[in-house]
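# Examination of the molecular architecture
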Amino acid sequence: MWTMARGILIAAAIGAASVAGAAGTDQPPSLDAALAVMRAHRFVDLTHSFAPGIPHWKGAPDESVKTLYTVKKDGFRINEYTHISQWGTHVDAPAHFHEGLHTVDQIDPKDMLMPLVVLDVHEKVAKNPDYALQLSDVTDWEARHGKIPRGAFVAMRTDWSKRWPNQEAMMNRDAAGTFHYPGWSMPVLKLLYEERGITASGHETTDTDPGSATTKDDYSLESYILGLNHYQIELLANLDQLPEAGGVVWVTFPKPENGAGFPARAIAIVP
Ligand SMILES: [Zn+2]
């Protein structure tokens, strides 16, 4: 997967900067050249800031923040944060759902830098908040941009993040108590993970599964991804600022030992 991401960076470096080390030689372009290419592109932060009161899963307690030391009194500031592992924009490690599979600290850093694919269904979601991704959303993307690359990060763009930080709007619950928000579908996930060989996926909502499923505590789509020993990112932001293809995403998070998840920082570098 790193090979693919590196290949794309190198290809970008060759194409955009005409650097030395063309294909066919043993000398790859330098990392300096790759960095110069990346810095010449647009950076988009795909992360919400986290704070007490932000939208969260129905079973989670709120965050609390205590100030232990202040600059005024102590010459420096230290805060104590108390929040669940799945807080704000966050990574879900396979161990979130499956004992024995990878924990956050076991995620390979090479799987944190990836080609970025954006499946844009925000117009369909505007008409139908219960929209679930269809195979045609993938095949239509591939008709425009070619086959989804191995090792990609596939983001589902719904523009649901524009409802942030309104918990009620994010959950979109009707009078009968049913949540109405979009989600993935099993045929799409099977195609992406088992046939295309993607590394990870992410979305703007609180869940992988659509609200109609999570209302009944059905998290089978999330369990499927994590059960393959792949990770996912939830509550992404700013996907409306991304092209459908041609970007790179860098997903980062702290390294809690034996962690099930943690707040994440995801950054896209795009044309
Ligand atoms: Zn999660």
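We now turn to the structure provided with this report. In this numbering scheme, every chain counts its residues from 1 along its sequence in written order. It should be noted that, the model being predicted, local features are given only for residues of pLDDT at least 70 and side-chain atom pairs only at 80 or more, the latter also being counted only at that level, while totals for whole chains, interfaces and linings use all residues.

## Description of the overall build of the chain
Secondary structure assignment for the chain yields nine helices and eleven strands. All radius of gyration figures rest on C-alpha atoms, and the globule criterion is 2.2 Å times the number of residues raised to 0.38. Since a compact globule built from 271 residues should have a radius of gyration of about 18 Å, the 20 Å found for the chain is in line with a globular shape. C-alpha extents for the chain along the principal axes are approximately 60 × 55 × 35 Å. Think of it as a crowd count around each C-beta: if 20 or more other C-beta atoms lie within 10 Å the residue is buried, if 12 or fewer it is exposed, and in between it is partly exposed, with C-beta placed from the backbone throughout. Counting all 271 residues of the chain, 39% fall into the buried class. Pairs at least 24 residues apart make up 73% of the contacts formed inside the chain by residues separated by at least 6 positions. The secondary structure listing takes helices from DSSP runs of H or I that are at least 4 residues long and strands from runs of E that are at least 2 residues long, numbered from the N terminus. Once C-beta atoms are placed from the backbone, any two residues with those atoms within 7 Å are in contact.

## Focus on the pairing of strand β3 (residues 78–82)
Each regular strand displays side chains that alternate between the two surfaces of the sheet. The element β3 is largely exposed, with a buried count of zero among its five residues. Whether two strands pair depends on DSSP finding at least two bridges between them. Across five bridges, the pairing between strand β2 (residues 64–69) and β3 is antiparallel. Within β3, the position partnered with Y69 by the bridge is I78.

## Some thoughts on helix α7 (residues 186–195)
For α7, the full list of buried residues reads V188, L189 and L192. Take α7 and look down its axis: the buried residues cluster within an arc of 95 degrees, on one side only. The outward face of α7, more than 90 degrees from its buried face, is lined by the exposed residues E194 and E195. The reported arc concerns the directions from the helix axis to the C-beta atoms and nothing else.

## A look at the packing of α7 against helix α9 (residues 220–227)
Axes here mean lines fitted to C-alpha atoms, for a helix over just the part in contact, with angles spanning 0 to 180 degrees between N-to-C directions. Their axes nearest at 10 Å, the elements α7 and α9 cross at an angle of 10 degrees. Judged by the angle between their axes, α7 and α9 are roughly parallel. Across the interface between the two elements, M186, L189 and Y193 of α7 pack against L221, Y224 and I225 of α9. Ten residue types, Ala, Val, Leu, Ile, Met, Phe, Trp, Tyr, Cys and Pro, are classed as nonpolar, four, Asp, Glu, Lys and Arg, as charged, and the remainder, Gly among them, as polar. Partitioning the contact of α7 with α9 into residue classes produces six nonpolar, no polar and no charged. Any angle from 65 to 115 degrees is called roughly perpendicular, while one under 35 is roughly parallel, one over 145 is roughly antiparallel, and all others are oblique.

## Let's talk about the nonpolar core
Inside soluble globular proteins, nonpolar side chains tend to come together where they are buried. Here, a nonpolar core denotes buried Ala, Val, Leu, Ile, Met, Phe, Trp, Tyr and Cys residues that are linked to one another through C-beta atoms within 7 Å. Formed by 55 residues in total, the largest nonpolar core has its most connected members in L116, F153 and V154. In contact with F153, not counting residues within four places along its chain, are M114, L116, V117, T199, A200, S201, G202, V249 and V251.

## Section: the pairing of strand β5 (residues 113–120)
The buried fraction of β5 amounts to eight of the eight residues, a majority that puts the element mostly inside the structure. Bridge count for β5 against strand β9 (residues 247–252) is four bridges, and the pairing is antiparallel. Paired with L113 across the two strands is W250, which belongs to β9. Sheet topology note: the β5/strand β6 (residues 153–157) ladder contains five bridges and is parallel. Paired with L119 across the two strands is M156, which belongs to β6.

## Let's talk about unusual backbone geometry
With an omega of 5 degrees, the peptide bond running from W164 to P165 counts as cis. Mapping P165 onto the fold places it in the loop between β6 and α6 (167–171). The residue N229 is not glycine, and still its phi comes out positive at about 70 degrees. Positive phi values are uncommon outside glycine, yet L235 reaches one of about 60 degrees. Here L235 shows up in the loop between β8 (231–234) and β9. Overall, the presence of 29 C-beta atoms within 10 Å leaves L235 in the buried class.

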